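Fold and contact review
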There are 2 protein chains.
Amino acid sequence: MKYSKQVEQWDIFEIELQFSNLGGNPFRDIWLQATFKIGDEFKRVNGFYDGGTTWRIRFMPETTGNYRFQIHSNVDRFNGLEGHFTSTMPSEGNHGPVQVNGVHFNYADGTPFFVMGTTAYAWTYRPEEVRLRTLESFAKYGFNKIRMLVFPKYYRGLLMDVNVDYDPPVFPFAGKPNEFDFQTLVPEYFRNFEERVMDLMRLGIEADVILFHPYDTWGIDSGMRQADDLFYVNYLISRLAAYRNVWWSLANEYDISSTPEGMFCSRTDRKDWDLIGTTIKSNDPHGHPISVHNLPMRHIYPDRDWLSHVSIQHPDTYTLLSELKHHYKKPIVNDEYQYEGNIKDEWGNSDGATTLFRHWLSAMAGCYASHGEVFKVDGNETDLFWSYGGTLIGDSAPRLKFMKEILESCAYQDMNRDWANTDGHHYFALNRGIDEYLFFCRYDLPGKGFWFGSYDGSRPEYDVIVYDAWNCIEKDRLTVKEIEANHLLPIKAWTVYRLKRKKMQM
Amino acid sequence: MKYSKQVEQWDIFEIELQFSNLGGNPFRDIWLQATFKIGDEFKRVNGFYDGGTTWRIRFMPETTGNYRFQIHSNVDRFNGLEGHFTSTMPSEGNHGPVQVNGVHFNYADGTPFFVMGTTAYAWTYRPEEVRLRTLESFAKYGFNKIRMLVFPKYYRGLLMDVNVDYDPPVFPFAGKPNEFDFQTLVPEYFRNFEERVMDLMRLGIEADVILFHPYDTWGIDSGMRQADDLFYVNYLISRLAAYRNVWWSLANEYDISSTPEGMFCSRTDRKDWDLIGTTIKSNDPHGHPISVHNLPMRHIYPDRDWLSHVSIQHPDTYTLLSELKHHYKKPIVNDEYQYEGNIKDEWGNSDGATTLFRHWLSAMAGCYASHGEVFKVDGNETDLFWSYGGTLIGDSAPRLKFMKEILESCAYQDMNRDWANTDGHHYFALNRGIDEYLFFCRYDLPGKGFWFGSYDGSRPEYDVIVYDAWNCIEKDRLTVKEIEANHLLPIKAWTVYRLKRKKMQM
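Cut-offs and rules
- Every chain's residues receive numbers from 1 upward, in the order its sequence appears when written.
- Whichever chain is written first is A, and whichever ligand is written first is 1; the rest continue in order.
- Since the coordinates come from a predicted model, pLDDT governs what is reported: local features require at least 70, and pairs of side-chain atoms require 80 or more to be given and counted, while whole-chain, interface and lining totals use all residues.
- Each side-chain value is derived from all of the structure's non-hydrogen atoms; neither hydrogens nor water enter the calculation.
- Any two residues whose heavy atoms approach within 4.5 Å are treated as being in contact.
- By definition, the buried area sums, over both parts, the 1.4 Å-probe accessible area that each loses when the two are put together.
- Counted as salt bridges are all cases of a side-chain nitrogen of Lys or Arg within 4 Å of a carboxyl oxygen of Asp or Glu.
- Contacts described as polar in this section are N or O atom pairs within 3.5 Å, which, within protein, must combine one atom able to donate a hydrogen with one able to accept it, while residues neighboring in sequence count only if both atoms come from side chains.
- Only DSSP runs of H or I reaching four residues or more are called helices, and only runs of E reaching two or more are called strands; each is numbered from the N terminus.
- Pairing between strands requires that DSSP locate at least two bridges from one strand to the other.
- To obtain an axis, a line is fitted to C-alpha atoms, over the contacting stretch when the element is a helix, and the angle between two such axes runs from 0 to 180 degrees between their N-to-C directions.
- In superposing the copies, a least-squares fit is computed on C-alpha atoms, taking residues whose pLDDT is at least 70 in both.
- Multiplying 1.5 Å by the helix residue count minus one yields the expected span of that helix.
- For the exposure calls, accessible area comes from a 1.4 Å probe over protein chains only, and a residue counts as buried if that area is under 20% of its type's maximum, exposed if over 50%, partly exposed in between.
- Pairs of cysteine sulfur atoms within 2.5 Å are identified as disulfides in what follows.
- Under this scheme an angle from 65 to 115 degrees is roughly perpendicular, one under 35 degrees roughly parallel, and one over 145 degrees roughly antiparallel; angles in between are oblique.
- The crossing is said to be left-handed when, going from far helix to near helix, the turn is anticlockwise and less than a right angle, and right-handed when the turn is clockwise.
- Under the grouping applied here, Gly and all other residues not named as nonpolar or charged are polar, the nonpolar ones being Ala, Val, Leu, Ile, Met, Phe, Trp, Tyr, Cys and Pro and the charged ones Asp, Glu, Lys and Arg.
- UniProt positions are given in the numbering used here, feature names are shortened, and annotations may be inferred rather than shown by experiment.

Taking an unreviewed UniProt entry as the reference, chain A is identified by name as DUF4038 domain-containing protein belonging to Cohnella herbarum.

Okay, the interface of chain A and chain B next. Each side of the interface is counted separately: chain A has 54 residues, and chain B has 54 residues. Counting each side, the surface lost to burial between chain A and chain B is near 4,300 Å², with a carbon and sulfur contribution of 54%. Notably, a salt bridge pairs Arg358(A) with Asp423(B), separated by 2.8 Å at the nearest N-O pair. Where chain A packs against chain B, one counts 30 residue pairs in polar contact (both at pLDDT 80 or more). Listed by contribution, the elements that provide at least two residues to the side of chain A that touches chain B are strand 19 (264-266), helix 6 (319-328) and helix 7 (352-364) of chain A.

Residue and element names in this part refer to chain A. Reading across the sheet, the six strands line up as 26-27-28-31-29-30 and stay open at both edges, with antiparallel pairing between neighbours. A strand with exactly one partner marks an edge of an open sheet, and here the two such strands are strand 26 (416-417) and strand 30 (473-481). Sheet analysis places strand 29 (residues 461-468) next to strand 31 (residues 495-501), joined by seven bridges and oriented antiparallel. If you follow valine 464 over to strand 31, its bridge partner there is leucine 499. Together, strand 28 (436-441), strand 29, strand 30 and strand 31 form the strand contacts of helix 9 (residues 396-408), whose direction differs from that of strand 29 by roughly 170°.

Turning our attention to the relation of the copies chain A and chain B. Superposition record for chain A on chain B: RMSD 0.0 Å, screw rotation 180°, translation along axis 0.0 Å. These values place the two chain copies in the arrangement generated by a two-fold rotation axis. The C-alpha atom lying nearest the rotation axis in chain A is that of Thr319(A); the distance is 2.6 Å.

Okay, the side chain of His426(A) next. Looking at the secondary structure, you find His426(A) in the loop between strand 26 and strand 27 (427-432). A distance of 2.6 Å separates the side chain of His426(A) from the side chain of Asp423(A), its partner in a polar contact. Among all residues touching His426(A), those that are not within four sequence positions of it are Phe440(A), Cys441(A), Arg442(A), Tyr443(A), Asp444(A), Leu445(A), Ile491(A), Thr354(B) and Arg358(B).

End to end, helix 7 of chain A covers 18 Å across 13 residues, agreeing with the expected 18 Å (1.5 Å per residue, within 8%). Of the residues one or two after helix 7 of chain A, Gly366(A) is the one with positive phi, at around 75°.

Take unusual backbone geometry next. Residues and elements named next belong to chain A. Not every positive phi belongs to a glycine, and tryptophan 10 is a case in point at roughly 70°. Mapped onto the elements, tryptophan 10 comes out in the loop between strand 2 (6-8) and strand 3 (13-18). One non-glycine residue, glutamine 338, adopts positive backbone phi at about 85°. Accessibility expressed as a relative area gives 8% for glutamine 338, which makes it buried.

Residues and elements named next belong to chain B. Overall, the coordinates contain zero disulfides over all chains when judged by the stated rule. For cysteine 367, which is in no disulfide, the shortest distance to another cysteine sulfur is to cysteine 410 and amounts to 16 Å. With relative accessibility at 0%, the residue cysteine 367 sits in the buried group.

All names here are of chain A. It is the contact of helix 7 with helix 9, at a shortest axis distance of 10 Å, that shows an interaxial angle of 20°. Comparing their axes, helix 9 and helix 7 come out roughly parallel. Here the hand of the crossing between helix 7 and helix 9 comes out right-handed. Between helix 7 and helix 9, the residues in contact are Gly352, Thr355, Leu356, His359, Trp360 and Ala363 and Ser396, Arg399, Leu400, Met403, Ile406 and Leu407, respectively. Residue classes in the contact of helix 7 with helix 9 are distributed as seven nonpolar, four polar and one charged.

Turning our eyes to something else, we now look at the environment of Arg196(B). Residue and element names in this part refer to chain B. Tracing the backbone shows arginine 196 in helix 3 (residues 187-202). Judged by relative accessible area, which is 5%, arginine 196 ranks as buried. Here the alpha-carbon distance between arginine 196 and alanine 207, two residues eleven residues apart in the chain, equals 8.9 Å. Separated by 2.6 Å, the side chains of arginine 196 and asparagine 192 make a polar contact.

Here the focus is the sheet that holds strand 17 (residues 206-212) of chain B. All names here are of chain B. What the eight strands build is an open sheet, ordered 21-18-17-14-13-25-23-22; its pairing is parallel. On the outer flanks of this sheet lie strand 21 (290-291) and strand 22 (310-313), each paired with one strand and no other. Judged from the five bridges that link them, strand 14 (residues 145-149) and strand 17 form a sheet pairing that is parallel. Note on strand 17: the bridge partner recorded for leucine 149 is isoleucine 210. Across the sheet, helix 5 (residues 273-283) lies against strand 17, strand 18 (246-251) and strand 21, angled at about 165° from strand 18, the strand it touches most.

Turning next to the UniProt feature "domain: Apiosidase-like catalytic" (unreviewed entry) in chain A. The UniProt entry lists residues 101-350 of chain A under the feature "domain: Apiosidase-like catalytic" (unreviewed entry), expressed in the numbering used here. Helix makes up 26% of residues 101-350 of chain A and strand 21%, and the two end C-alpha atoms of the span are 32 Å apart.

The structure is reproduced here in structure tokens:
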């Protein structure tokens, strides 16, 4: 038994165990579990087989102090092993896992987490040179949540305009395509995946880990039966749950299905999503966020106890998000609002302005969103960021970084949709009572203005910063007063006004 | 006692009574009430003093057949009078009063009523030549609900860019401006007003009668105390409730108020709105629709038992209306979304495209709206349609007529917001299950399309009419099929698609 005597809070504590007397299927036939205790608190964590003669148990200490653990197993030499370690103060930049806080997200240390997602479904098994550029692009533009698949992706699009067909270096299961043994996993595949999760953790980026998806030519999605699905999900939990930056997404497009004749249809029962979701909620000792992502045409997943937040695919980032926020009373993330790009398919041909606007709207609805980019360069229909990563080249990424900086300068979680200053088309607003406003304009609308203040005769004053959301500059600083100020804040395309009420002079 | 022995259903049955022995205040000191009976049903209706020696009782028979009535009064010669009359089948074009039907409106005979409102606050006391042109404009463009004030209007706008200051030929109350006796009414004033309501009834147009408003230089709104308000409201009910085309709007901008120092403020207690609303609901024997209209900056009236539908002022005609519809579960009418016009004030300077778009959006939210027009011609800051009527000259009126015709060709009341085909900005949709769709596009959005059908492999077919909502023409008729049809219905500015599912061939 090997383990470190000291680990910082929210880092990975790992126990390594060796056992060479193998027989049968070590993934299925051997189980081991550790109970971790601190004070009166305890958690049970499953270990996993990591190939060769190695088993591991991973755990994320959620507080500082002295932990004790004891192992239970059907292997005699594991059963009853004990130990202890110290969890120390987290180092700078380690804020712990992201958790749901009402309709928003916080890190475990209480720091607000403003989701600025992007998408790179299959970046994890590309060559290192590509992966390094990918990580550089994530970091350069401040993306802090990456939607990424566990399983490999194969996809041509409805119009055969993209070609995503690389085989991964190894497959996740033993056997060969269309003849996999789904209860014999290939640890190397998962080891690579978790190294990519660690790459992101080092950059302070959340990994939105997508467990199942339909875009598959290897017989994985269609071949796995319910028992296989749960076996795999539990294996993944035991490997990954101790990574503080993990989020679970049950599926990309959970509601794609096919008729008995093999025709496309939209149904919700391709897999037993409720069983999978409940399994994760029961077995993830660290309670990472759980969501499930849909096709835009019909079924947004209904509210469930296991669903921590709502992840949707839809081009509407405002009205629909407002409705969903009201309905679910959980955080709403529009994780796919049609990507910026130049392909023929509508999911990947938005221009930069539409992309930026839609993303801004998600914030003006008090919600969140994820970006994506699908640019074919010189006709290359394969190396598209949305799947394989690489280098972001679109118009929206740098502007989303600027947007995030503005939102993070506001008390965003305490702000609500300011319906009085929103026409829902040309201009939009958030407010925090009458103390703070954020106004966003998409178009010029001559002769109209914003209304703010108390309307009780006291006529409060505001400090205003004026931003140009397209050119990413601060344009001006003003002081304005209620009512007369109306025409001082004209509705001009891409103008953003951040108002904070001046302190009353005593 | 004079009355007609025969009246058609939903027309006005009137009893005229004479009594010359006056003393004191005949409005206040004399009361009379009739009980109307048919079968087991009965209703009580208050009469009113109409000047000189004349009293009247008005009643709208809500069914056909033989009615009997008996009068009760504190005047001996009225008390105990009886009579009967026959209510006959309504003539063509008489569909009865408009009533709330869930989140929509129907005439009493079940015909759906699609609200297409406009505004002419003070048209009723302008010279006949102007009034006739006003009526012609209402009818020409198919406006079927007119927002109109009972009391005269005085208004200069925040920017002194309009000048609405005509005195009416007579005032509604005895005395003189700022010294009115609010319990001595001037029947001539009200007689003129009800003749205008009758002008509208003859054209099949609803009169949205606004009882109170703040834009007053004669000391009416500010001078009336609670007892005066109720006295006046009851008088108006007794005069007008038998007109089938009456709607009651408690106020234009109920939440304008002023501080003790006389500064503008936004408060909800300028008058006792709940008491006024409850008085109307209690005393209107015919249950006309009741609403109350707000300033856009803060207070939409909360739900009340007396509130039959929601009338708001706000530039948002989509997201906010969707939210209100969900919240109130009553019909939502955006009665003022900023008028088409060329004045400086933002409430009256929208261009035709913004006006038309906002009105279309109200329908795409499954709600309703009212138009208005404020064009200064040759610098004339007084004769503006929105107040005084005249001739409509804007870009939106003819296009709203076309819009209404399209909506009336759909099963509008059975359609809901089709979120799957709505991005909330470029394109919008309603659907009735998978049997009927209405798609509305505001802008070009190249490479995107609509999704419709069953997605179960059966691939239903649709008959499509393609309209140009700006040029008011039917452009094309098509047949399209699920999925592949996606790109047959491109998102093009001002294009409207109406889809009806083809009957299955047996």
